[in-house]
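# Notes for the structure review
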Amino acid sequence: MIRHGKRAIHLHARPSRCIRAAASFPSGPSQPSPNADVGWSAAALALAAVTVTSATNFVHGSDVTLAESMPSVDGDDDGEEETTKIINWSGTHSVDVSPGDYHEPETIRELEVLVSRAYETGKSIRPVGSALSPNGLSFNSNGMVGLSNLDKIIEINKDTMTVKVEAGARVSQVLDALRPHGLTLPNLASIAEQQIGGFVSVGAHGTGASIPPCDEFVTELTIVTPSPAGTVRMTEQSHGELFRLARLGLGGLGILSEVTLKVIPAHRLVEQTLVLTRSEAREQLPTMLRRHKHIRYMWIPYEDAVVVVTNDPENELPLAGPGTETLDANGRRKKVVTDDDLKSKFTSSEQLAPLRVLLKKLSPSVDDETLSGMGFGDLRDVLLASGNMLDPDHIKKVNRAEKEFWVRAQGLDI
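Within each chain, residue numbers correspond to sequence positions counted from 1 in written order. Local features are withheld for residues below a pLDDT of 70 in this predicted model, meaning they are given only at 70 or higher, and side-chain atom pairs are given and counted only at 80 or more; totals for whole chains, interfaces and linings count all residues. Values shown for side chains rest on all heavy atoms present in the structure; no hydrogens or waters enter the calculation.

Here the focus is the overall build of the protein chain. Helix and strand definitions here come from DSSP, where helices need a minimum of 4 consecutive H or I residues and strands a minimum of 2 consecutive E residues; each element is numbered from the N-terminal end. Per the secondary structure count, the protein chain includes 12 helices and 23 strands. Only protein chains enter the accessibility calculation, which uses a 1.4 Å probe; a residue whose area is less than 20% of its type maximum is buried, one above 50% is exposed, and one in between is partly exposed. Taken across its 414 residues, the protein chain has 46% of its residues classed as buried. Put simply, 62% of the contacts in the protein chain that link residues at least 6 apart link residues at least 24 apart. Within the structure as shown, the protein chain displays about 20500 Å² of accessible surface, and the carbon and sulfur contribution to it stands at 51%. We call two residues in contact whenever any of their non-hydrogen atoms come within 4.5 Å of each other. Shrake-Rupley sampling with a 1.4 Å probe provides the accessible areas, and residues are treated as covered by the protein chains on show and by no other component.

Shown next as structure tokens:
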């Protein structure tokens, strides 16, 4: 059984299973994201055969059963063992794991026994999270350990401003648990489906010149090691440099089982999306890095266009940034965001129109109902798959439409 959060995907006992790790993206024009309600198989749509999958899972392969849409089945009648094929989120790496070599422990004790037995038998195992990294570092055909079952939120402590979780808990789960307490994590990436163990171990980061990567917010961790010490609880005070190394251990020192992270008060961010030329982006980058708490930018190849997205706390907007200037209670100048500031020049449908028009031209069989149900990320992926992705002329057409989308999507959001 391959388990994603609280939803299980049971695999029939057939060979050559293909699984794509679950992931979801925030919706809205600032994120290339799947539609909130459906996922689309780009390759299938390019062949005019659209497959609706679950909201946050892209699972490819006709032998996969989705628990939310079909009855769960633990095995076939023939009793054959299966080889599990796991693909990372970006589709750049995959691995075939032999029967019995992919493990998903249900308890910390099961994880400890697994690591101990692997050490005793000389069997190599490697931990994997949500497989969101574009490389294949966590893949090992000889043995892998997934921690998705170990996803408990153990403790939220408002006195110490920390949250303690099992390493398999996803970032989105942690954020959901913190929200009722008015808390959040100090730094986030654009995707929230990483497991905390991987999120920390790879030094994941968000954006902003003054914000450190997430491993800097770890105050304590528990690591299951093959050493005589077994399971070790570590802090800066107890282990010093070794603790700092273990935070970024990439599974090489053992497998993280529990992580304690700093939290901060929850706050709303004002997001600005704008499109600059490459020369403008180069010229303005040093200033924008100093001015904005968060900033990211995306160059669109073959187009003289750089999409810049900034985020700033609603109550700390830079005076030179977006919004409306006013005075605070002490007569000091400040920026606020009004309803007029949030009004977009284009509706969502108008923003997506260049992409929809191009898709209709490249794939005339796609019907209007299908088009209307697709967001930016879906449209872009399907457009790329609708032609030869190694053909520069095809990519230029898609990127030209994407640039027009971003130009129309410029503006503010909260």
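Turning our attention to the environment of proline 265. The residue proline 265 is located in strand β17 (residues 264-265) in this model. The contacts of proline 265, once residues within four sequence positions are left out, are Met161, Gly182, Leu183 and Thr184.

Any two strands are treated as partners once DSSP identifies two or more bridges connecting them. On the basis of which strands lie adjacent, the open sheet formed by 4 strands has the order β19-β20-β18-β23 and antiparallel pairing. The sheet is open, and its two borders are formed by β19 (294-299) and β23 (411-413), each paired with just one other strand. Ignoring strand direction, the axes of neighbouring strands in this sheet form an average angle of 15°. Summarising the sheet, strand β18 (residues 269-276) and β23 pair through 3 bridges and their orientation is antiparallel. Paired with glutamine 272 across the two strands is leucine 412, which belongs to β23. Helix axes use the C-alpha atoms of the stretch in contact, all axes being lines fitted to C-alpha atoms, and the angles between their N-to-C directions lie in the range 0 to 180 degrees.

Let us now look at the pattern of salt bridges. Put simply, a salt bridge is a Lys or Arg side-chain nitrogen that is within 4 Å of an Asp or Glu carboxyl oxygen. Considering all chains together, one arrives at 20 salt bridges under this definition. Across the salt bridge formed by glutamate 314 and arginine 268, the nearest N and O atoms sit 2.9 Å from each other. With a gap of 46 residues between them, glutamate 314 in the loop between β20 (306-313) and β21 (324-327) and arginine 268 in the loop between β17 and β18 connect regions that are remote in the sequence. By relative accessible area, glutamate 314 is classed as partly exposed at 29%. Linked through salt bridges whose partners overlap, the residues forming this network are Lys164, Glu220, Arg233 and Glu258.

Quick look at the pairing of β20 now. For a regular strand, side-chain orientation follows a simple rule: the groups alternate between the two sheet faces. Judged by how many residues are buried, β20 sits mostly within the fold: 8 of 8 residues are covered. With burial as the criterion, each face of β20 is covered, one bearing Val306, Val308, Thr310 and Asp312 and the other bearing Val307, Val309, Asn311 and Pro313. Pairing of β18 with β20, which is carried by 8 bridges, proceeds in the antiparallel orientation. Across the sheet, glutamine 272 pairs through a bridge with threonine 310, a residue of β20. As consecutive antiparallel partners, β19 and β20 are separated by 6 residues, and within that stretch tyrosine 302 has a phi angle of approximately 70°, a positive value.

Moving on, we get to the nonpolar core. Buried Ala, Val, Leu, Ile, Met, Phe, Trp, Tyr and Cys residues that are joined via side-chain atoms within 4.5 Å together make up what is termed a nonpolar core. Within the largest apolar cluster, 35 residues are counted, with the highest numbers of intra-cluster contacts made by Leu111, Val163, Val174, Leu185, Ile196, Leu221 and Leu261. Secondary-structure elements contributing two or more residues to this core are α2 (108-121), β12 (162-166), α3 (171-178), α4 (196-201), β14 (218-224), β15 (231-235), α6 (241-247) and β16 (255-262). When residues no more than four places from it in sequence are discounted, the contact partners of isoleucine 196 are Val165, Ala167, Ala169, Val171, Val174, Val259 and Leu261. Among the nonpolar cores identified, the runner-up in size contains 21 residues, and Val275, Ile300, Val309 and Leu358 belong to it.

Before going further, it helps to examine the packing of aromatic side chains. Geometrically, a pair of aromatic rings is defined through the distance of the ring centres and the angle of the planes. A pair of aromatic rings is counted whenever rings of Phe, Tyr or Trp (Trp by its six-membered ring) have centres within 6.5 Å, and the orientation is called stacked for planes under 30 degrees apart, edge-to-face for over 60 and tilted otherwise. Throughout the structure, instances matching the rule amount to 3 aromatic pairs. On the numbers, 4.4 Å between centres and 10° between planes, the contact of phenylalanine 376 with phenylalanine 405 is stacked. With phenylalanine 376 in helix α11 (residues 376-385) and phenylalanine 405 in helix α12 (residues 392-408), this pair connects stretches of sequence that are 29 residues apart. Residue phenylalanine 405 is classed as buried on the basis of its relative accessible area of 2%.

Let us now look at the packing of α11 against α12. Contact pair α11 / α12: the axes reach a minimum separation of 10 Å and the direction vectors enclose 165°. Between α11 and α12, the interaxial angle falls into the category roughly antiparallel. Our pair here, α11 against α12, has a crossing hand that is right-handed. On α12, the residues that touch Phe376, Arg380, Leu383 and Leu384 of α11 are His394, Ile395, Val398, Glu402, Phe405 and Trp406. An angle below 35 degrees is read as roughly parallel, one above 145 as roughly antiparallel, one from 65 to 115 as roughly perpendicular, and any other as oblique. If you view the pair so one helix is near and one far, a crossing is left-handed when the near helix is turned anticlockwise from the far one by less than a right angle, and right-handed when it is turned clockwise.

Attention now goes to unusual backbone geometry. Phi at methionine 161 is positive, roughly 55°, even though this residue is not glycine. Assignment of secondary structure puts methionine 161 in the loop between β11 (153-157) and β12. Residue classification places methionine 161 among the partly exposed positions, given a relative accessible area of 25%. We note that tyrosine 302 has phi near 70°; this positive angle belongs to a residue other than glycine.

A few words on the sheet that holds β14. The strand order β11-β12-β16-β14-β15 describes an open sheet built from 5 strands, whose pairing is antiparallel. Single-partner strands in this sheet number two, and they are β11 and β15. In this sheet, adjacent strand axes meet at a mean angle of 10° when their direction is disregarded. Two strands pair when backbone bridges link them, and β14 and β16 are joined in this way by 6 bridges, in the antiparallel orientation. Each residue of the ladder has a partner; that of glutamate 220, found in β16, is threonine 260.

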